[in-house]
Amino acid sequence: MADTFDLTVIGSGPGGYVAAIRAAQLGMKVAVVEKWPTFGGTCLNIGCIPSKALLHASELFEEAGHQFRQFGIDVTPQLNLKQMLQHKDDTVVANVGGIEFLFKKNKITTFRGSGSIPAAGKVLVTPDSGAPTTIESKNIIIATGSVPVSLPGITIDENKVVSSTGALAFQEVPKRLLVIGGGIIGLELGSVWGRLGAKIQVVEFLDRILPGLDSEAARQMQRSLQKQGMEFKLSTKVTAIEKQGDGSLRAKLEPAAGGEATWAEADAVLVAVGRKPFTDGLGLDGAGVALDERGRVRIDAQFKTNIPGIYAIGDVVAGPMLAHKAMDEGHAVAEIIAGQKPHINYGTIPSVMYTSPEVAWIGKSEDELKAAGIEYKTGKFPFTANGRAKAMLATQGYVKILADVTTDRVLGAQIISKNAGEMIHEIAVLMEFSGSAEDLGRITHAHPTLSEAVKEAALMCGDGAIHI
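Criteria and cut-off values
- Residues numbered from 1 in each chain as written.
- Predicted model: local features only at pLDDT ≥ 70, side-chain atom pairs only at ≥ 80, totals over all residues.
- Heavy atoms only, no water.
- Pairing = 2+ DSSP bridges.
- Helix = DSSP H or I, 4+ residues; strand = E, 2+ residues; numbered from the N terminus.
- Axes fitted to C-alpha atoms, helices over the stretch in contact; angles between N-to-C directions.
- Phe/Tyr/Trp six-rings, centres within 6.5 Å; stacked < 30°, edge-to-face > 60°.
- Buried < 20%, exposed > 50% of the residue type's maximum accessible area, 1.4 Å probe, protein only.
- Salt bridge = Lys/Arg side-chain N within 4 Å of Asp/Glu carboxyl O.

**Focus on the sheet that holds strand β12 (residues 236-243)**
With antiparallel pairing, the three strands of this open sheet are ordered in space as β12-β13-β14. The open sheet terminates on both sides in strands that have one partner only, identified here as β12 and β14 (262-266). Pairs of neighbouring strands in the sheet enclose a mean axial angle of 30 degrees, with direction left out of account. Two elements, strand β13 (residues 249-255) and β14, share five bridges in a ladder whose sense is antiparallel. By the bridge assignment for β14, A251 is matched with A264.

**A closer look at the packing of aromatic side chains**
By convention here, two paired aromatic rings are described through the distance between centres and the angle between planes. Taken as a whole and assessed by the stated rule, the structure comprises three aromatic pairs. Residues F39 and F103 carry aromatic rings whose centres are separated by 4.9 Å and whose planes lie at 70 degrees to one another, so their mutual orientation is edge-to-face. Within this pair, whereas F39 is found in the loop between β2 (30-34) and α2 (41-46), its partner F103 is found in helix α4 (residues 81-105), the two being separated by 64 residues in sequence. Neither residue differs from the other here; F39 and F103 are each classed as buried. Consider the rings of F170 and W193, whose centres lie 5.3 Å apart with planes at 75 degrees: the pair is edge-to-face. Within this pair, whereas F170 is found in the loop between α5 (164-167) and β9 (176-180), its partner W193 is found in helix α6 (residues 184-195), the two being separated by 23 residues in sequence.

**Details of the pattern of salt bridges**
All told, the structure shown has 22 salt bridges when counted by the stated rule. Here D6 and K138 are joined by a salt bridge, their closest N and O atoms 3.2 Å apart. Here the residue D6 occupies a position in strand β1 (residues 3-10), and K138 occupies one in strand β6 (residues 133-142), the gap between them amounting to 132 residues. A relative accessible area of 58% means that K138 is categorised as exposed. A network of salt bridges, in which partner residues are shared, links D214, E216, E366, K380 and K400.

As structure tokens, this is what we get:
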């Protein structure tokens, strides 16, 4: 006799586990199917969480070696990479254990194995060993996430040539690390190993780093990372990687537009050219679930696929591949299945790159506003004029607010700073309520804080800031 559930979620990443927990809170009988030994998906196991543990630890190591002396603290830091990696692993264990606790607390039934959909209303769970189990389910959510994109002719062995997964687990600091891809993943992980002593060279196919970020902010971030020792080769592609007799690597670089090839020497190569939806083994063809031209599951505004009772969220559908976007979709789809009417404003989802300094952005960039022909005004305030930033030796960067010329409504913003990822949220709240730059500028901000720069940037959209 098959088990019967109100909802079965395939995948326990940020979108999947939030959907499962919210559905259970709303009174549904819920099952989760997970093929990995631990819950949490890419984000908690080999993505967001472990990378932030290493980013934070490596930043402290860098500060101890270069900034502490200015604060009157004389130390000579020594890298204990084994302990740093242990901290990363302990962080992962704590977080994935938290998801397991929440599943038990909310009486969610878990199935270990690969999930597939033989037909609407059925989920087949195939474990690594033993007989498959069929789940009867009134509703199914596909929350299987994404996997790294590989390059033609380049084999990822997670030893010398690695994806983001292998780059979290180097047992020694590579002397020379070649990063293929100038996006968030490549720059974050490149900065980790750069702080620990690796020489970093980033190869990017486009003529700029961080596509999608405001172009001024992207240029500023490139300059900042270059000052930290990172080298960039833009408008360039990697077409081959050769292993040398001494264990090192040689990468063939060619101009993106065509031309003479050159070679770059490296001890390790990180392939970080993006991610793609993971739908392998789900049996979507047999179930009749439609995909789009990029292999993403097609959904409507209610996260419904073309097959009644089957939904999809997160990296496996269109939209930015962000854990918090998946979490909001998981929360919303559970409420939709329960008969409620939630709403997600995709125009106010922030993005963050956790380098040093961080860069956070939300809404429209200047490039997008210009392309759309929207008249806007800019308020920009540098952290060199912020008292708290001076005290923290954190004066790199700025806050930029973009507001509609006629209505003064805030349309977008970028922050480059220490803790930018924390500061972006007051702008998110303001934009969610259609607030104006004047509204933001009139809100009292505690002094002295980095966040005062947000207020001052908003004031620059009007009559001008006080401290510049």
